[in-house]
Amino acid sequence: MTRLALVLTLALSFVLLPLAGGQTSQGILFLQEETPSVASPQADSLSESQTPTPTETPSPTETESPTPTPTETAFPTATLLPPLTETPTPLSAPPEEEGFILFRLAPAQSPASLRNATNLAVQDIGLADLGLYAVSVPLSQQAQTLETLLSQPGILYAEIDGIVTGQETIPNDPLFPLQYALVNIRAPQGWQLNTGAASITIAIVDSGVDISHPELAPKLLPGYDFVSMDSFPQDENGHGTHVAGIAAAQSDNGAGMAGVSWGAKILPVRVLNASNSGKYSDVALGIKYATDQGAQVINLSLGGSTPSSALEEAINYAAAHGVALVAAAGNNGGGILYPAAYPAVIAVASTDSANQRAASSSYGAAMDLSAPGVSIYSLSPGGAFTYKSGTSMASPHVAGALAVLMGANGGNAWLARQALEVSALDINPTGWDIYTGAGLIQLDAALQKMAPPTPSPTPSPSPTATPSITAIATAPRAISVTPVYSWGEDVPVVAAQAAFLTVSATVLLASPSPTPTVTPTPAFTLTASPPALAPRLPAPKDSPSLFLPCLGSLLLSLGLGLAAWASRRVGEKSWSR
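Computed from a predicted structure; not experimentally measured.

J.: If you had to explain the overall build of the chain to someone new, which residues and values would you point to?
T.: Helix and strand counts for the chain stand at 14 helices and 17 strands. For the chain, the accessible area works out to roughly 32400 Å², and carbon and sulfur atoms hold 61% of it.

J.: So what's going on with the pairing of strand β10 (residues 345–351)? Residues and values would help.
T.: Of all the 7 residues making up β10, 7 are buried; the element is thus mostly covered by neighbouring parts of the structure. In β10, alternate side chains face the same way, and those of V345, A347, A349 and T351 on one face and I346, V348 and S350 on the other are all buried. Two elements, strand β9 (residues 324–328) and β10, share 4 bridges in a ladder whose sense is parallel. Each residue of the ladder has a partner; that of A328, found in β10, is V348. Here β10 pairs with strand β11 (residues 367–372) via 5 bridges, running parallel. Residue pairing in the sheet places V348 in a bridge with L369 of β11.

J.: Go over the sheet that holds strand β6 (residues 224–225), please, and point to the residues and values.
T.: Strands in a sheet are paired, the pairing made by backbone hydrogen bonds, and the direction either parallel or antiparallel. An order of β6-β7-β5-β8-β9-β10-β11 is seen for the 7 strands of this open sheet, with the pairing classed as parallel. Bordering the open sheet on either side are β6 and β11, each of which pairs with just one other strand. Each of β9, β10 and β11 touches helix α12 (residues 413–422); the most contacted strand, β11, lies at about 70 degrees to it.

J.: Could you give me a rundown of the packing of aromatic side chains, with the residues and numbers involved?
T.: Applying the stated criterion to the full structure yields 10 aromatic pairs. Geometrically, the ring pair formed by Y338 and Y342 is tilted, given 5.1 Å between the ring centres and 50 degrees between the ring planes. An identical accessibility class is assigned to Y338 and Y342; each is buried. Site record: aromatic cluster; members linked through ring pairs are F176, W191 and W262.

J.: Quick rundown of a nonpolar patch on the surface? Include the residues and the values.
T.: Where nonpolar side chains cluster on the molecular surface, the patch consists of F100, I125, L127 and L130 and spans about 320 Å² of accessible area. Looking at the secondary structure, you find I125 in the loop between β2 (122–123) and β3 (132–138). The class for I125 is partly exposed, based on a relative accessible area of 39%.

J.: Break down the confidence of the model for the chain for me, with residues and values.
T.: Per-residue pLDDT for the chain has a mean of 75; in total, 64% of the residues score no lower than 70. When the criterion is pLDDT under 50, residues 459–523 qualifies, and its contacts beyond four places in sequence or with other chains add up to 92 contacts.

J.: Can you lay out empty space enclosed by the protein for me, pointing to particular residues and giving the numbers?
T.: A complete count under the given rule lists 3 cavities of 30 Å³ or more for this structure. What the second largest cavity holds in volume is close to 70 Å³. Lining the second largest cavity are L178, Q179, Y180, A181, L182, I246, M257, A258, S375, I376, Y377 and H397. Considering each element in turn, the lining of the second largest cavity owes the most residues, 3 residues, to helix α6 (residues 180–184). Class assignment of the residues belonging to the lining of the second largest cavity gives a composition of 9 nonpolar, 3 polar and no charged.

J.: Can you explain the pairing of strand β7 (residues 265–270)? Please cite residues and give values.
T.: A large share of β7 lies buried, amounting to 5 of its 6 residues. Relative to β7, strand β5 (residues 201–206) runs parallel, the two being bridged by 6 bridges. Pairing of I204 across the sheet is with P268, part of β7. Examined bridge by bridge, β6 and β7 share 2 bridges and lie parallel to one another. Across the sheet, the residue bridging to D225 is R270, located in β7.

J.: For the sheet that holds β2, give the residues involved together with the corresponding values.
T.: Ordered by their spatial adjacency, 4 strands build an open sheet running β2-β3-β1-β4, and the pairing between neighbours is antiparallel. Strand pairing shows two members of the sheet lacking a second neighbour, β2 and β4 (155–160), which therefore form its edges. Pairing of strand β1 (residues 98–105) with β4, which is carried by 5 bridges, proceeds in the antiparallel orientation. Its bridge partner being in β4, L102 is matched across the sheet by E159. Against the sheet, helix α5 (residues 142–150) engages β1, β3 and β4, with an angle of about 170 degrees to β4.

J.: How would you explain helix α9 (residues 280–292) if you had to name every residue and give the values?
T.: Its 13 residues place the ends of α9 18 Å apart at the C-alpha level, agreeing with the 18 Å of an ideal helix rising 1.5 Å per residue. Where α9 is buried, its residues meet β5, β6, β7, β8 (297–300), α10 (309–320) and β9. Following α9 by one or two positions, G294 adopts a phi angle in the positive range, close to 95 degrees.

J.: Which residues make up the packing of α12 against helix α13 (residues 443–450), and what values go with them?
T.: At a closest axis distance of 8 Å, the pairing of α12 and α13 adopts a crossing angle of 125 degrees. Overall, the two elements α12 and α13 adopt an arrangement that is oblique. The crossing of α12 and α13 is right-handed. Residues A416, A419, L420 and V422 of α12 touch α13, and the partners they reach there are A446, K449 and M450. A breakdown of the residues in the contact of α12 with α13 according to their chemical character gives 6 nonpolar, no polar and 1 charged.

J.: Outline the side chain of S370, supporting the account with residue identities and numerical values.
T.: Assignment of secondary structure puts S370 in strand β11. With sequence-adjacent residues up to four places away left out, S370 is seen in contact with V348, A349, T351, I427, T436, G439, L440 and I441.

J.: Could you give an account of the nonpolar core, naming the residues involved and the relevant values?
T.: If you look at the biggest cluster of nonpolar residues, it comprises 61 residues, and the most contacted ones within it are I202, V297, V398, L402 and L420. Sorting elements by how many residues they give to this core places helix α11 (residues 391–409) first, with 10 residues. Excluding residues that lie within four positions of it along the chain, V297 makes contacts with I200, T201, I202, A203, V323, A324, A399, L402, A403 and M406. By size, the runner-up hydrophobic cluster in this structure holds 34 residues, among which are L267, A295, A314 and I336.

J.: How would you summarise unusual backbone geometry if you had to cite specific residues and measurements?
T.: Negative phi is the rule for most residues except glycine; trans is the rule for most peptide bonds. With an omega of 20 degrees, the peptide bond running from Y338 to P339 counts as cis. Phi angles above zero are rare outside glycine, and D252 is one such case at about 55 degrees. Note that D252 resides in the loop between α8 (239–248) and β7. Backbone geometry at N276 places phi at a positive 65 degrees, although glycine is not the residue there. With respect to the helices and strands, N276 occurs in the loop between β7 and α9.

Reading the values: rules and limits
Per chain, the residues get numbers from 1 upward, laid out in the order the sequence is written. Predicted model: local features are reported for residues with pLDDT of at least 70 only, side-chain atom pairs are reported and counted for 80 or more only, and whole-chain, interface and lining totals are derived from all residues. Working from all heavy atoms in the structure, the side-chain values ignore hydrogens and water. A run of H or I in DSSP counts as a helix once it spans at least four residues, and a run of E counts as a strand once it spans at least two, with each numbered from the N terminus. Accessible areas in this description were obtained via Shrake-Rupley with a 1.4 Å probe; residue shielding takes into account the shown protein chains only. Only protein chains enter the area calculation, which uses a 1.4 Å probe; residues under 20% of their type maximum are buried, those over 50% are exposed, and those in between are partly exposed. When DSSP finds two or more bridges between two strands, those strands count as paired. We call two residues in contact whenever any of their non-hydrogen atoms come within 4.5 Å of each other. To define axes, lines are fitted to C-alpha atoms, for helices over the stretch in contact only, and angles between the resulting N-to-C directions are given on a 0 to 180 degree scale. Two aromatic rings from Phe, Tyr or Trp, using only the six-membered ring of Trp, form a pair when their centres are within 6.5 Å; if the ring planes differ by under 30 degrees the pair is stacked, by over 60 it is edge-to-face, and anything between is tilted. Each patch is assembled from residues with relative accessible area greater than 30% and no salt bridge, linking like charges that lie within 9 Å and nonpolar side chains (Val, Leu, Ile, Met, Phe, Trp, Tyr) that lie within 5 Å. Here, a salt bridge means any Lys or Arg side-chain nitrogen found within 4 Å of an Asp or Glu carboxyl oxygen. Note: pLDDT gives the predictor's confidence per residue, expressed from 0 to 100. Whether a set of points on the 1 Å grid over the protein atoms alone is a cavity depends on a 1.4 Å probe fitting there but being unable to get out, while an open set qualifies as a pocket with protein on both sides within 12 Å along at least five of seven lines; lining residues are those with an atom within 4 Å of a point. Grid points are joined across faces, edges and corners, and a volume is the space filled by probe spheres set on the points. Three classes are used, and their members are as follows: Ala, Val, Leu, Ile, Met, Phe, Trp, Tyr, Cys and Pro are nonpolar, Asp, Glu, Lys and Arg are charged, and the others, Gly among them, are polar. Expected helix span is taken as 1.5 Å per residue step, with the number of steps being one fewer than the number of residues. Oblique is the label for any angle not covered by the other classes, which are roughly parallel (under 35 degrees), roughly antiparallel (over 145) and roughly perpendicular (65 to 115). Left-handed describes a crossing whose near helix is turned anticlockwise from the far helix through less than a right angle; right-handed describes the clockwise counterpart. Definition of nonpolar core: a set of buried residues of the types Ala, Val, Leu, Ile, Met, Phe, Trp, Tyr and Cys, connected through side-chain atoms within 4.5 Å.

Next up, the structure:
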């Protein structure tokens, strides 16, 4: 009986085994398709953000797979599923990158004949007038193709088409992508030429700076607080910290943001209180202090609506010592504030990310330059960062640019100012205007303008008696632009001129010559010293001469007398008749 039961059990197992094995294979296949692998992004995000509870774990019934029994899981299932490697998906190799080979044909050689001789697809890339053509081949075949071309008669030379890249220096500061302003003033292209010198100091005459900010601390010099009258100019408002970061934050250090001048030192001078206001006398003290401490650039992101003789005296004192002074034009949408309105100060307007003037930016005849001032990202006390807007943010962009230029030219503030003005990007309305001055500063162009022109070699005299014809005749004309300064609000726009520019233009006239001689001349001549400042008040007009009015009155009286006498004589003759 026991043997009979054992035989029946074995027979039943052989009958039911294929059915049980098929159900198990279907359940495993379903789970492989729907369940994300451990390396999938979904699994990673779950492990980082969620810890599922036991009730959250899907049960076999939720995934529609039958409940496995110990007998079922004891059988290997790999034999029931086709291995993934048995049906590989064919992968096509990516096309190989191609490159150009440039070559020049002799005048007697034609592209068609070369094509027939080498079986290469000769291309006219637009330089056929120069005898230049190209062939495009995979990079792996460039060397062999180059040898083939060089071996052909009629090929004057052949070369692999080179690669050029835009020359700019991008700092490794992680917050640099948030600083659109540096891109708009072409700071990366300028940094390729010069990043600023540690010998230049920018005085931030403002609400002080955050002394412990990691983006400022390595660059700070001992300063002074004229509000509390001590030597601890700690920022209690945040305005000065933001301004200092724009001008010269620690740059390319793998942390934080970048300043316009990487090398310049910062001299903090506190003249504004925690409410961001202060007195003219403190500003004057701060300007004189910064000058006496050897600062080459003074930034004044502040202003008042009324002029001050005492403030102007301090401004002129700094200018006489060769200091470059930069100030915010104001955010009232009206007249330029003081000290920006003074002739010795560079008044700066505010622009946005589209290089358009900000509506709130002040304007007037004393406007000099423009810089970004809308939504500017910079430093905040406590080691933080924030956005601020206004001409207060535009001014330190110019101050930082001046510091870079002065570090490159030996500290000449006047040459740096001229270079910024003659190289600025023009903003509507066209030309110099009361809204944006000479335009938006461009750091790279200013550095190039300031560089001395390369002297051209003097040609040796021709041994023949026949005079040579110069292909380009130069007719230099000096255009001296006299600045007109005004201390009122009612000066006509026509009276405003581009301040402090002496431009030497060159007129080029072409004339035929088989061997032209070209003598390059610089487009602009930067004068090394500024002109004398215009007087604060307009000079009195000369008294008009009374000679001509008196002579006119006398002649008029004689004419009227003669007319009356003639009329009387005519009347007497008529009566006598």
